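If you want the building blocks of each chain, they are given just below.
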Amino acid sequence: MTTMETLNDIFRMVFDDDTIQIAPEMTANDIDGWDSLSHVNLITAVEAKLMIRFTQKELLTMKNIGDLLRTIETKLAG
């Protein structure tokens, strides 16, 4: 399973929507229910599933799913 597929599964779980299909250019505006609380749940779920930790700086600089994916892949490679 690719990192993108794993991330998509996490989105489906957090937002309780099996129809979600994420893309790198997508933002919170593109997913129903993606608000500040669900964002915290999403980041926590990503960290737990992939056994990584994001820094505050990383979290503040992410603008879309592509940024999240690149940050995850960098952490998994390192």
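Parameters and conventions
- Residues numbered from 1 in each chain as written.
- Predicted model: local features only at pLDDT ≥ 70, side-chain atom pairs only at ≥ 80, totals over all residues.
- Heavy atoms only, no water.
- Core = buried A, V, L, I, M, F, W, Y, C linked by side-chain atoms within 4.5 Å.
- Buried < 20%, exposed > 50% of the residue type's maximum accessible area, 1.4 Å probe, protein only.
- Helix = DSSP H or I, 4+ residues; strand = E, 2+ residues; numbered from the N terminus.
- Phe/Tyr/Trp six-rings, centres within 6.5 Å; stacked < 30°, edge-to-face > 60°.

Student: Sorry, what's going on with the nonpolar core here?
Tutor: A general trend in soluble globular proteins is that nonpolar side chains are found buried together. If you look at the biggest cluster of nonpolar residues, it comprises 22 residues, and the most contacted ones within it are Leu 7, Phe 11, Ile 31 and Val 46. Listed by contribution, the elements that provide at least two residues to this core are helix H1 (3-14), helix H2 (36-50) and helix H4 (65-77). Counting residues per element, this core draws most heavily on H2, at five residues.

Student: Which parts of the structure should I look at to understand the packing of aromatic side chains?
Tutor: Centre distance and the angle of the planes are the two values used to describe a pair of aromatic rings. This structure, assessed with the given rule, holds three aromatic pairs. Ring centres of Phe 11 and Phe 15 lie 5.8 Å apart, and the angle between their planes is 25°; on these two criteria the pair is classed as stacked. Judged by relative accessible area, which is 0%, Phe 11 ranks as buried. The interplanar angle of 75° and the centroid separation of 5.3 Å between the aromatic rings of Phe 11 and Trp 34 together place this pair among those described as edge-to-face. With Phe 11 in helix H1 and Trp 34 in the loop between H1 and H2, this residue pair connects regions lying 23 residues apart in the sequence. Taking the relative accessible area as the measure of exposure, Trp 34 reaches 15% and is therefore buried. An aromatic cluster is present here, built from Phe 11, Phe 15 and Trp 34 joined pairwise through their rings.

Student: Would you mind showing me how to read the environment of Gly 66 here?
Tutor: Topologically, Gly 66 is positioned in helix H4. Separated by 43 residues in the primary sequence, Gly 66 and Ala 23 place their C-alpha atoms 7.3 Å from one another.

Student: Hey, could you run me through unusual backbone geometry in this one?
Tutor: Note on backbone geometry: most residues besides glycine have negative phi, and most peptide bonds are trans. Residues other than glycine seldom take positive phi values, yet Asp 16 does so here, at roughly 50°. As for its position among the elements, Asp 16 is in the loop between H1 and H2. Looking at Asp 16, the relative accessible area reads 73%, which means it is exposed. One non-glycine residue, Met 51, adopts positive backbone phi at about 55°. Taking relative accessible area as the criterion, Met 51 reaches 74% and is therefore assigned exposed.

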